[in-house]
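Summary of the model geometry
The residues making up each chain are set out below.
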Amino acid sequence: MSKSKKKKKGPPGSRPAVRNKKAFHDFFILDSFEAGIVLWGSEVKSVRDHKVNLKDSFARIKSGELFLHNMHISPYVNSRMEDLDPMRTRKLLMHRRQIDRLQGKLIDKSLTLVPLKLYFSKNIVKIEIALAKGKNVRDKRKDIMEKEHTREMNRALKNY
């Protein structure tokens, strides 16, 4: 009998598709939330193929609903739907109380909603959005210096 290879698993039922690495560089992440996303036709297949760009995307609340702007989903190669705009505004699905709570936090301070990652949870596409505050140039430099110091310390310990 052959041995089966075990795959490393993350949280049960979730498979990461795309991460927004730039969000951690440009923002202080204060709190994160999970939301569903409305996709049309072959967009789900493009997400499965990792053909998504979250780099400059952001979320806004308009008339009590949550929308995601500037997320690019490349058209699926074998799709017949050619008229889909890859940069269209997509609706996010959250409970009314959660949206109201977010709206209250956004009004008080200079905060924004930034997507962190797009993933599958039981074959449903979910997005993790975060309440974030922008970093200054000094803060970014400080983070880069801290990363370099930890890398140097790890290298020194590894060689020792």
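Look a little higher up for the structure.
These notes cover the structure that comes with them.

The rules behind each value
Residues numbered from 1 in each chain as written. Predicted model: local features only at pLDDT ≥ 70, side-chain atom pairs only at ≥ 80, totals over all residues. Heavy atoms only, no water. Pairing = 2+ DSSP bridges. Helix = DSSP H or I, 4+ residues; strand = E, 2+ residues; numbered from the N terminus. Buried < 20%, exposed > 50% of the residue type's maximum accessible area, 1.4 Å probe, protein only. Phe/Tyr/Trp six-rings, centres within 6.5 Å; stacked < 30°, edge-to-face > 60°. Lys NZ or Arg CZ within 6 Å of the ring centre and 35° of its normal. Contact = heavy atoms within 4.5 Å. Polar contact = N/O pair within 3.5 Å; in protein donor to acceptor, adjacent residues only side chain to side chain.

1. Section: the pairing of strand β2 (residues 27-37)
Pairing of β2 with strand β9 (residues 124-134), which is carried by nine bridges, proceeds in the antiparallel orientation. Looking at β9, one finds that Asp 31 is bridged to Leu 131. Across two bridges, β2 lies against strand β7 (residues 90-93) in antiparallel orientation. Among the inter-strand pairings, Gly 36 is bridged to a residue of β7, identified as Leu 93.

2. A word on the pairing of β9
As judged from the nine bridges shared by strand β8 (residues 112-121) and β9, these two strands associate in the antiparallel manner. Across the sheet, residue Tyr 119 finds its bridge partner in β9, namely Lys 126. In sequence, β8 turns back onto β9 through a hairpin of two residues, with Lys 122 there showing a positive phi of about 55°.

3. Considerations on unusual backbone geometry
The phi dihedral of Ser 63 falls on the positive side, at around 50°, and the residue is not glycine. Residue position: Ser 63 is located in the loop between β4 (58-62) and β5 (65-69). Assessed through its relative accessible area of 69%, Ser 63 is described here as exposed.

4. Points about the packing of aromatic side chains
Applying the stated criterion across every chain, the model contains zero aromatic pairs. The aromatic ring of Trp 40 is capped on one face by Arg 88, whose charged end is 3.9 Å from the ring centroid. When the ring centre of Phe 28 is taken as origin, the NZ or CZ atom of Lys 135, which lies over that ring, is 5.3 Å away.

5. Comments concerning the environment of Arg 90
Summarising the element assignment, Arg 90 is placed in strand β7. In this structure, the C-alpha to C-alpha distance between Arg 90 and Ile 37, residues 53 residues apart in sequence, is 7.0 Å. Not counting residues up to four positions away in its chain, the partners in contact with Arg 90 are Ile 37, Val 38, Leu 39, Glu 43, Leu 66, Phe 67, Leu 68, Met 71, Ile 73 and Asp 85. Of the polar contacts made by the side chain of Arg 90, one reaches the backbone oxygen of Met 71; its length is 2.9 Å.

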